[in-house]
Amino acid sequence: MRLLGEAFPDLQVTVVEVLQDGDKVVVRSEITGTQLGVFMGVAGTGRALEIMAIDIHQVRAGRILHTWHTEDWMRGFAQLGVVAPG
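Summarised in this report is the structure supplied together with it. (Residues numbered from 1 in each chain as written. Predicted model: local features only at pLDDT ≥ 70, side-chain atom pairs only at ≥ 80, totals over all residues. Heavy atoms only, no water.)

### Some remarks on the pairing of strand β3 (residues 48-60)
Heads up, the condition is: Pairing between strands requires that DSSP locate at least two bridges from one strand to the other. The helix count covers DSSP runs of H or I at least four residues long, the strand count covers runs of E at least two residues long, and both are numbered beginning at the N terminus.
Relative to β3, strand β2 (residues 24-34) is paired through 11 bridges, and the arrangement is antiparallel. Bridge pairing links Arg 28 to Ile 54 in β3. In sequence, β3 turns back onto strand β4 (residues 63-71) through a hairpin of 2 residues, with Ala 61 there showing a positive phi of about 55 degrees.

See the structure below:
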């Protein structure tokens, strides 16, 4: 997160939706920011991005046992002009 914040100084993570089913809690978030610094070897582009993140947490006795996390970086890199839009 530190490197992400350095590359995107206006970084915002907004929780859009939270769902629960049994011992699983799903959190859908939106990540936005403007790339001004180096990120994953890519120099600052000055472009904004908006990507989705999904976290699935397995919870037992009020504690998170496992977390699965994914972010839509293909869309993000297309918005930054690093890869061609799909």
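### Here's the deal with the pattern of salt bridges
As a reminder, the rule being used: What counts as a salt bridge is simple: a side-chain nitrogen of Lys or Arg found within 4 Å of a carboxyl oxygen of Asp or Glu. The rule is simple: take the accessible area with a 1.4 Å probe, protein chains only, and divide by the maximum for that residue type; under 20% is buried, over 50% is exposed, in between is partly exposed.
Inspection of the entire model under this criterion finds 4 salt bridges. A salt bridge links Lys 24 to Asp 23; the nearest nitrogen and oxygen atoms lie 3.4 Å apart. Note that Asp 23 is salt-bridged to Arg 60, the shortest N-O span being 3.8 Å. Of this pair, Asp 23 sits in the loop between β1 (12-21) and β2 while Arg 60 sits in strand β3, and the two are 37 residues apart along the sequence. Classification of Arg 60 as partly exposed rests on a relative accessible area of 48%.

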